[in-house]
Amino acid sequence: MPDPGRPWTRAELATQLRAAGLADGDAVLLHAGLRSIGAVLGGPDSVIGALLDAVGPQGTVLGYCDWQFEDEVLAFPELRDQIPPFDPAASRSIRDNGAFPELLRTTPGARRSAAPGASCAALGARADWFTADHALDYGYGPQSPFGRLVEAGGKTLLLGAPRDTMTLLHHAEHLARFPNKRIRRYETPILVDGHAEWRWFEEFDTSEVPDGMADDYFATIVTDFLATGQGWQGRIGNADSVLVEARPMVEFAVGWMEQRLA
């Protein structure tokens, strides 16, 4: 740990990320509470650089963007004609997810998937593959960056972020078989050939927790998974962090949900 008051360096963070379990060629979906890391020499760009160093030139770093205007479309229908369409190349990430997704999205070379509410940014060797052909309906399902993270044997990292922010568990919600799943249908504009086109979307509702579950039940799933001895817990910078492999995390979460919600 650096002397009190001295910022963390990119090299120090990369060493810690590798010690946590990131390796050459890994794909990692990150949720970050950047302030919790502490002062970093070079700021958030050095955090992104450390992640890229940890996964190497064949690795990929992902972030969950969502879309800032989706809720406004639903809440203020009288402003329909004023809502800018979703453009993967330019539309801002939702503020609720913190600063990291937007910082990643705007880093040179990053790509962003085309499903507005479930959109993800990716930077690295397989950025195009992770973000291509994201299903517009049921955007947390297999045809999504989340499904591809599982397919690729990727990982997800909570870097100073609460355990209930693990968006990969929305993919598990999609896959899990339990009754009374809420379906959400909404209309929103997307950019098609340079013009706004309003389109109806359908997905399992991720805005409401299933009946009988606490609001932060994702945190319970992550904690229960770690209690099995899988995953890593520790500090990166000053941030309490968790790193898990995507496939076993999703398989555990699906079973957990089905057992309690069936």
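Computed from a predicted model, the values in this text were never measured in an experiment.

Quick notes on the rules
- Residues numbered from 1 in each chain as written.
- Predicted model: local features only at pLDDT ≥ 70, side-chain atom pairs only at ≥ 80, totals over all residues.
- Heavy atoms only, no water.
- Axes fitted to C-alpha atoms, helices over the stretch in contact; angles between N-to-C directions.
- Helix = DSSP H or I, 4+ residues; strand = E, 2+ residues; numbered from the N terminus.
- Parallel < 35°, antiparallel > 145°, perpendicular 65-115°, else oblique.
- Left-handed = near helix turned anticlockwise from the far one by under 90°.
- Contact = heavy atoms within 4.5 Å.
- Nonpolar A, V, L, I, M, F, W, Y, C, P; charged D, E, K, R; others polar.
- 1 Å grid on protein atoms, 1.4 Å probe; cavity = no way out; pocket = protein on both sides within 12 Å on 5 of 7 lines; lining within 4 Å.
- Points joined across faces, edges and corners; volume = space filled by probe spheres on them.
- Buried < 20%, exposed > 50% of the residue type's maximum accessible area, 1.4 Å probe, protein only.
- Pairing = 2+ DSSP bridges.
- Salt bridge = Lys/Arg side-chain N within 4 Å of Asp/Glu carboxyl O.

Undergrad: Looking at this structure, how should I read the packing of helix H9 (residues 217-227) against helix H10 (residues 246-261)?
TA: Any two packed helices are characterised by the angle at which their axes cross and by the distance between the axes. For the pair H9 and H10, the least separation of the axes is 10 Å and the interaxial angle reads 120 degrees. The orientation of H9 with respect to H10, classified from their angle, is oblique. Considering the relative orientation of H9 and H10, their crossing is right-handed. Where H9 abuts H10, its residues Tyr217, Phe218, Thr220, Ile221, Val222, Asp224 and Phe225 lie against Pro248, Met249, Phe252, Ala253, Trp256, Met257 and Arg260. For the contact of H9 with H10, a count of residues per class yields 11 nonpolar, one polar and two charged.

Undergrad: Looking at this structure, how should I read the layout of surface pockets?
TA: Once rolled over the atoms, a probe with the size of a water molecule shows which space is left empty. Considering only enclosed or pocket space, the largest pocket measures out at about 920 Å³ in volume. Lining of the largest pocket is provided by 39 residues; of these, Tyr64, Asp96, Asn97, Thr167 and His170 occupy positions nearest its centre. Within the residue set of the lining of the largest pocket, elements represented by two or more residues are strand S1 (27-32), helix H2 (34-37), helix H4 (70-75), helix H5 (100-105), helix H8 (168-175) and H9. If one sorts the elements of the lining of the largest pocket by residue count, S1 sits on top with three residues. In terms of residue class, the lining of the largest pocket is made up of 16 nonpolar, 11 polar and 12 charged. Looking at the second largest pocket, its volume works out to about 260 Å³. Broken down by element, the lining of the second largest pocket gets its largest block of residues, three residues, from H8.

Undergrad: Can you walk me through the pairing of strand S5 (residues 155-159) in this structure?
TA: The two faces of the sheet receive side chains in turn, since in a regular strand these alternate between them. Counting buried positions over the five residues of S5 gives five, a clear majority of the element. Neither face of S5 is open: one carries Lys155, Leu157 and Leu159, the other Thr156 and Leu158, and all of them are buried. Note: S1 against S5, five bridges, orientation parallel. Note that in S5 the partner of His31 across the bridge is Leu158. Direction of pairing for S5 relative to strand S9 (residues 239-245): antiparallel, over a ladder of five bridges. The residue bridging Leu158 from the neighbouring strand is Val242, located in S9.

Undergrad: Please clarify how the packing of H8 against H10 should be interpreted in this entry.
TA: Following both chains from N to C, one finds H8 and H10 inclined at 50 degrees, their axes separated by 9 Å at the closest point. Comparing their axes, H10 and H8 come out oblique. H8 and H10 meet at a crossing whose hand is right-handed. Of the residues in H10, those touching H8 at Leu168, Leu169, His171, Ala172, Glu173 and Leu175 are Ala246, Met249, Val250, Ala253, Val254, Met257 and Glu258. Grouping the constituent residues of the contact of H8 with H10 by class yields 10 nonpolar, one polar and two charged.

Undergrad: Which parts of the structure should I look at to understand the pattern of salt bridges?
TA: Side chains that differ in sign of charge can pair as their charged atoms come close. Overall, the coordinates contain 13 salt bridges when judged by the stated rule. The closest approach of N and O atoms between Glu102 and Arg105, which form a salt bridge, is 2.7 Å. Of this pair, Glu102 and Arg105 both sit in helix H5, separated by three residues, roughly a single helical turn. Since its relative accessible area comes to 15%, Glu102 is described here as buried. Arg235 serves as the salt-bridge partner of Asp240, at 3.1 Å between the closest nitrogen and oxygen.

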